[in-house]
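Architecture at a glance
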Amino acid sequence: MKIFAGVVPLVILLVGGLQGCSDPARSAALDALPDDPTPEGPTHRPGQPCVLCHTSGGQASGAPFLFAGTVYETNDPKSPPAANVLVQVVDGEKGTSSVQIRTNAAGNFFIRPEDWSNSLGVFFPAKVQIFREDVGPKTMLTHISREPSCGGCHRNPNKKYVKSDLLGTVQQIYLRTAQ
Amino acid sequence: MSTRAKQSSAVKWALFGALAPLVYGVVTTGCASVPDETRFTRLQVPDRTQFQTAGVSSFLERRCGTLDCHGQSSRALRIYGQFGLRSPTGLDAAVPSNSAPTTDQEYASNFQSVVSLEPEELTRVVANKGVGAGRLLLILKALGYEPGKNEEGVQHKGGSLIKQGANDYGYICLVSWLEGSADADACGKAQSAY
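Residues numbered from 1 in each chain as written. Chains lettered and ligands numbered in written order. Predicted model: local features only at pLDDT ≥ 70, side-chain atom pairs only at ≥ 80, totals over all residues. Heavy atoms only, no water.

A short note on the packing of helix α3 (residues 56-63) of chain B against helix α7 (residues 169-179) of chain B
Packed helices, taken two at a time, are described by their axes: the angle between them and the distance between them. Residues and elements named next belong to chain B. α7 packs onto α3 with a crossing angle of 140° between their chain directions and a minimal axis gap of 10 Å. With respect to their mutual orientation, α3 and α7 come out oblique. Our pair here, α3 against α7, has a crossing hand that is left-handed. Here V56, F59 and L60 of α3 lie close against α7, whose contacting residues are G170, C173, L174 and W177. Taken together, the residues of the contact of α3 with α7 sort by class into 6 nonpolar, 1 polar and no charged. (Axes fitted to C-alpha atoms, helices over the stretch in contact; angles between N-to-C directions. Helix = DSSP H or I, 4+ residues; strand = E, 2+ residues; numbered from the N terminus. Parallel < 35°, antiparallel > 145°, perpendicular 65-115°, else oblique. Left-handed = near helix turned anticlockwise from the far one by under 90°. Contact = heavy atoms within 4.5 Å. Nonpolar A, V, L, I, M, F, W, Y, C, P; charged D, E, K, R; others polar.)

Focus on the state of the cysteines
Per the counting criterion, the structure on display carries 1 disulfide over all chains. With its sulfur 2.0 Å from that of its partner, C173(B) forms a disulfide with C187(B). With the S-S dihedral at roughly 95°, the linkage between C173(B) and C187(B) falls on the right-handed side. With C173(B) in helix α7 and C187(B) in helix α8 (residues 184-192), this residue pair connects regions lying 14 residues apart in the sequence. Residues C173(B) and C187(B) agree in their burial class; the two are buried. The thiol sulfur of C53(A) is not disulfide-bonded, and the nearest other cysteine sulfur, from C50(A), lies at 9.2 Å. Of the residues examined, C53(A) reaches a relative accessible area of 17% and is grouped as buried. (Disulfide = S-S within 2.5 Å. Buried < 20%, exposed > 50% of the residue type's maximum accessible area, 1.4 Å probe, protein only.)

With respect to the sheet that holds strand β1 (residues 67-74) of chain A
Residue and element names in this part refer to chain A. A sheet is described by the order of its strands in space; here 3 strands give the open sequence β4-β1-β9, paired in mixed fashion. If you trace the sheet from one side to the other, it starts and ends with β4 (108-111) and β9 (173-176), each paired once. Across the sheet, the mean angle from the axis of one strand to that of its neighbour is 30°, orientation sign disregarded. Both β1 and β4 contribute to a ladder of 4 bridges, which runs antiparallel. Looking across to β4, one finds that G69 is bridged to F109. (Pairing = 2+ DSSP bridges.)

Points about the packing of α7(B) against α8(B)
Residues and elements named next belong to chain B. Contact geometry of α7 with α8 gives a least axis separation of 8 Å together with a crossing angle of 140°. Here α7 lies oblique to α8, going by the angle between them. The hand of the α7/α8 crossing is left-handed. Across from Y169, G170, I172 and C173 in α7, the residues of α8 making contact are A186, C187, K189 and A190. Among the residues making up the contact of α7 with α8, the classes are represented as 6 nonpolar, 1 polar and 1 charged.

So, the sheet that holds strand β2 (residues 86-91) of chain A
Sheet strands pair by backbone hydrogen bonding; their relative direction is either parallel or antiparallel. Residue and element names in this part refer to chain A. Pairing is antiparallel across the open sheet formed by 4 strands, whose spatial order is β3-β2-β5-β6. Two strands bound the open sheet, and with one partner strand each, they are β3 (98-102) and β6 (136-139). Between one strand axis and the next, the sheet turns by 20° as a mean value, whatever way the strands run. Of the pairings in the sheet, the one linking β2 to β3 comprises 5 bridges and is antiparallel in character. Looking across to β3, one finds that Q88 is bridged to Q100.

Listed below in structure tokens is the structure:
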């Protein structure tokens, strides 16, 4: 009984301590995400802020991304994803580091640290351009100051986000304006 | 009255005499005079019109006001603009980003945000025609002077955005505005770089 009495407070302290290590901002952002039935993999959670999990301390920290996002065919919230789009990210400050990567069937793309040309990392601000042979190049109007998840700002209003979450956001990344 | 009762009474009075000033002091400290509603501090701020027309706001919108930095409602320096955060137009509603040019209301909000960062310090700088502008957080943070690397060091997560001197249009834009005559050409070149 004495051993048991000594272990219980220890377990409580340990559990409490571990809970205290979680990031409440990240937890709140994750809780706000819509559900996605797609199994985990390169095509899951399209349109969502990928680097919430794919980063140090995240649920997918084993597969970290420098940048990740989803491209759609049009700006219509019901638009299908745009596959095979070339995404080019350029290190805005130095202008020397860059990467080109293609979107997959879900419109998702992700840039891993080993894809990036500079082993020192990204020097923000970064600039982005998307390109597909049948559409031509499209350049992002602003630079990226620090957000590695495109879905952190680009939101599809049909994805069941609460209205207040859409304030301070911009529509999904798309290739063409819907007719 | 017995001797014992007299002694007890004397002790009570001595205690009362000792504690009364203390109690009075505590009670009256909490009763400060009513604030004078007519009293105010007059601030001197840079020109509001130039902030909008010379492109100071537009430069800040492009350089600082992206949605992942100062285009967030939680920031002390909150920047609204066409390509970033839009000012709410009603209950839980806003003009979508990139759908319309920056509105007068947004320019006004940006101005208020900038001049409210350090109003007293800003007043000193403006009163001295921009002398000491380098003391302002608006400049220090944009320069990205980091603690330990510079005696004026401040933490700026966005790093260095402008460089001190006549070769940086962003620096010229901000400082010329603080000096009283915003350099529209510099502001225009600074914003077009982004």
